[in-house]
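# Structure assessment
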Amino acid sequence: MKFHLPTVLLFTLIAISHPSVAADEGSTTQADGATLRLLAIGPDKDGMVRGALAVDLKPGWKTYWIAPGQAGLAPVLDFSASDGLDGAPALRFPVPHVTDDGFSSSNVYSEPMAIAFTAQASSGAPRLDLKLTIGLCDDICVPVQARLRRDLAEKATLGETAEVHAAEAALPEIATDHLESRIEGKSLVVTLPPEIPSGPVALFAAGPPGWEFGQAEAPSPTDGAATVVAPVLRAPKDAKDGIAVDLLLAAGEYARFRPANPVAIAPDAALR
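A quick note: this is a predicted structure, and the numbers were derived from the prediction, not measured.

## A look at the packing of aromatic side chains
Applying the stated criterion across every chain yields a total of three aromatic pairs. With a centroid separation of 5.0 Å and an interplanar angle of 55°, the aromatic rings of Phe79 and Phe117 are classed as tilted. Pair noted here: Phe79 is in the loop between β6 (76-78) and β7 (90-92) and Phe117 is in strand β10 (residues 113-120), with a separation of 38 residues, a long-range link. An identical accessibility class is assigned to Phe79 and Phe117; each is buried.

## With respect to the sheet that holds β7
Ordered in space as β2-β3-β4-β10-β7, the five strands form an open sheet in which the pairing is antiparallel. Strands at the two margins of the open sheet, each flanked by one partner only, are β2 (28-31) and β7. Each strand axis lies, on average, 20° off the axis of its neighbour in the sheet, ignoring direction. Where helix α2 (residues 158-169) meets the sheet, its contacts fall on β3 (34-41), β4 (48-57) and β10, and the angle it forms with β3 comes to roughly 100°.

## Notes on the state of the cysteines
Counted under the stated rule, the structure contains one disulfide. Residue Cys137 pairs covalently with Cys141 via a disulfide, S to S 2.1 Å. The disulfide joining Cys137 to Cys141 has a torsion of about 120° about its S-S bond and is therefore right-handed.

Reading the values: rules and limits
Residues numbered from 1 in each chain as written. Predicted model: local features only at pLDDT ≥ 70, side-chain atom pairs only at ≥ 80, totals over all residues. Heavy atoms only, no water. Phe/Tyr/Trp six-rings, centres within 6.5 Å; stacked < 30°, edge-to-face > 60°. Helix = DSSP H or I, 4+ residues; strand = E, 2+ residues; numbered from the N terminus. Buried < 20%, exposed > 50% of the residue type's maximum accessible area, 1.4 Å probe, protein only. Pairing = 2+ DSSP bridges. Axes fitted to C-alpha atoms, helices over the stretch in contact; angles between N-to-C directions. Contact = heavy atoms within 4.5 Å. Disulfide = S-S within 2.5 Å.

Now the structure itself:
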């Protein structure tokens, strides 16, 4: 992952010399810049657990999307120490926004947000055990490590249930169709779907390891279709086959997430 130099130095030096480790407080912990809370309800009659990691950011602080951009730290949520789950939970993120400090751009959240998740229970009352690392930034950037636990033998309160529902309501829809997308020259070119409303369009792209995309440009008509273009900031030197990229498009109230969208690599791609 590529960072704006001052940011990577701050994250690296803090993480190596004295990483910020939030105190273990059960399902809630206080960290520099935010309160972190593990919320969960279920299992329901089908064994489904639904939950969220609530990140209650303090004013002026921000955290990052799955592809943080040129500066930032992607969140890592590890539920592997949990009991009673059939596999790892599926994570879903709300729509971020772009910040640009003149040196680098980042995909961030600057208001309280929640990472929602679902998981299949293999027992009647799973015990969730979450180890997480999350980047929090104000004037300084802090990589926060924390461990949160939630025993589902204890039923969710009405407030917790409402917060999980609110986290789910804030998510972009998952689209099942694929957008025509290609790497052309040094750019990711995405053809917009016909149902997207007119006006400004935000494109967020998370590629496989070794790939990084920059801030997207405004849509432009190409061959009768509107496209949105984002620069390829980093790519493997030997890239030549197509790749799968998670694409998030947002325009007004439209927000669609397309996981593993196929992206062709054109012969003229200049990735070296």
